[in-house]
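Chain and residue survey
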Amino acid sequence: MADQAGLQVSLRQAAPIPLAARLACAGGELVALVGPSGSGKTTILRCIAGLTHPGEGAVSCAGEVWLDTAKGIDLVPQRRSVGIVFQHYALFPHLSAQRNVVAAMSHIPEGERAGRARDLLQLVHLSGLEGRYPRQLSGGQQQRVALARALARDPEVLLLDEPFAAVDRVTRRRLQRELAQLRARIRVPIILVTHDLDEARVLADRMVILSRGETLQDGPSAQVMARPATAQVARLLDQHNLFEGRVLAQRPDEGKTLLVWLDYTLEA
């Protein structure tokens with residue numbers, strides 16, 4: 001459960017995309033949203049950022065209410081302290097790396113922006129590349145610029161929407177390591193949307209398993225992977241140790257249940 005300085009989300013609607021999702025993320029914690037395409041992962045991020053408006057729900061972060069449909073509260077995106085990193089970078093092609101980062105600094109005095117941008121680019125391992133344009137950067141370097149720009153807003157929550165899906169495997173692993181190092185320094189709630197179960201297991205403190213917009217299971221990553229709450233969750237986690245059997249008999253006095261599986265009778 002998130003603390004008062006963390007992020008808390010509850011979303012409900014029947015259409016156009018069904019939602020029955022709840023999640024919490026403490027400062028410094030990374031929570032992965034995992035589920036098949038169409039399960040509502042990106043919609044949840046957009047609701048947190050204020051880009052999508054759910055039928056019902058509440059979003060609060062750092063003690064401030066961003067959304068409470070019951071009270072008529074729905075802050076515009078500009079009033080929500082959110083940094084977003086998209087899958088396909090979304091950089092301004094006509095601006096250098098440094099100017100892309102500066103573009104997110106309207107809240108900082110103009111004379112401080114260039115130095116702050118250089119510091120952020122150094123933080124994401126891009127020192128010396130400040131003057132390059134997106135077309136002159138590799139996919140991994142462009143994603144680092146996108147991350148620096150997201151951090152330039154001094155966000156109270158960082159939203160990552162499949163941030164490593166568009167880069168090759170070697171670059172993806174390098175970016176994952178860098179994110180693991182970075183999160184210890186920024187100490188804000190981080191929500192990661194990913195289809196990669198290995199990525200979720202390695203990076204996330206907790207996993208939220210979603211299907212059709214509904215939270216099916218929420219818990220520590222190792223626990224969720226080892227103990228799926230239902231057969232549906234196990235299938236979504238690509239677990240193959242699911243077997244169908246039939247209850248043959250129950251013996252309460254002995255504390256036993258007899259199961260028939262294939263040609264075997266098992267005691268449980």
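Reference entry: report on the structure contained in this document. Every value quoted in this text rests on a predicted model; they were computed, and no experiment measured them.

What counts, and where the lines are drawn
Residues numbered from 1 in each chain as written. Predicted model: local features only at pLDDT ≥ 70, side-chain atom pairs only at ≥ 80, totals over all residues. Heavy atoms only, no water. Helix = DSSP H or I, 4+ residues; strand = E, 2+ residues; numbered from the N terminus. Buried < 20%, exposed > 50% of the residue type's maximum accessible area, 1.4 Å probe, protein only. Contact = heavy atoms within 4.5 Å. Areas by Shrake-Rupley, 256 points an atom, 1.4 Å probe, with all protein chains shown as cover. Lys, Arg positive; Asp, Glu negative; His and termini not counted. Charge placed at Lys NZ, Arg CZ, Asp CG, Glu CD. Polar contact = N/O pair within 3.5 Å; in protein donor to acceptor, adjacent residues only side chain to side chain. Salt bridge = Lys/Arg side-chain N within 4 Å of Asp/Glu carboxyl O. Expected span 1.5 Å × (residues − 1).

1. Side note on the overall build of the chain
When helices and strands are counted, the chain shows eight helices and 14 strands. Along the first, second and third principal axes, the C-alpha atoms of the chain reach 80 × 45 × 30 Å. By the burial criterion, 47% of the 268 residues in the chain qualify as buried. Within the chain, residue pairs in contact and separated by at least 24 positions form 61% of the contacts whose partners lie at least 6 positions apart. Accessible surface, the chain: about 13900 Å² in total, of which carbon and sulfur atoms supply 50%. For the chain, the separation between the mean place of its 32 positive charges and that of its 28 negative charges on side chains is 5 Å.

2. Describing the side chain of Arg80
Among the structural elements, Arg80 can be located in the loop between strand S6 (73-74) and strand S7 (82-85). Residue classification places Arg80 among the buried residues on the basis of a relative accessible area of 1%. A distance of 2.9 Å separates a polar side-chain atom of Arg80 from the backbone oxygen of Cys47. When near neighbours in sequence (up to four residues on either side) are disregarded, Arg80 contacts Cys47, Ile48, Ala49, Gly50, Trp66, Leu67, Asp74, Leu75 and Arg153.

3. Details of the side chain of Asp161
Among the structural elements, Asp161 can be located in strand S8 (residues 157-161). For the buried Asp161, no salt bridge exists, and the shortest N-O distance to an oppositely charged side chain is 7.4 Å, to Arg46. Here Thr42 takes part through its side chain, which lies 3.2 Å from a polar atom of the side chain of Asp161. Residue contacts for Asp161: discarding those within four places in its chain leaves Thr42, Leu45, Val85, Phe86, Gln87 and Val193.

4. So, the pattern of salt bridges
Taken as a whole and judged by the stated rule, the model has nine salt bridges. The shortest N-O distance in the salt bridge between Asp154 and Arg116 comes to 2.8 Å. Separated by 38 residues along the polypeptide, Asp154 in the loop between helix H4 (139-151) and S8 and Arg116 in helix H3 (residues 110-123) bring together distant segments of the chain. Classification of Arg116 as partly exposed rests on a relative accessible area of 28%. Among the ionic pairs, Asp198 bridges to Arg201, the shortest N-O distance being 2.5 Å. Of this pair, Asp198 and Arg201 both sit in helix H6 (residues 197-203), three residues apart, roughly one helical turn. By relative accessible area, which is 37% here, Asp198 ends up partly exposed. Connected via shared salt-bridge partners are Glu29, Arg206 and Asp218.

5. Some remarks on H4
Over its 13 residues, H4 runs 19 Å from end to end, which matches the ideal 18 Å to within 8%, given 1.5 Å per residue. The set of residues buried in H4 consists of Gly140, Gln141, Gln142, Gln143, Arg144, Val145, Ala146, Leu147, Ala148, Arg149, Ala150 and Leu151. For H4, the secondary structure elements touched by its buried residues are S7, helix H2 (97-102), H3, S8 and helix H5 (169-186).

6. Brief notes about unusual backbone geometry
In this chain, Ala15 is followed by Pro16 through a cis amide linkage whose omega measures 0°. Considering the arrangement of structural elements, one finds Pro16 in the loop between strand S1 (7-13) and strand S2 (19-25). At Ala90, a position not held by glycine, the phi torsion is positive, near 55°. Note on placement: Ala90 falls in the loop between S7 and H2. Given the relative accessible area of 41%, Ala90 is considered partly exposed. Positive phi, close to 45°, is recorded for Glu162, a residue that is not glycine. As for its position among the elements, Glu162 is in the loop between S8 and H5.

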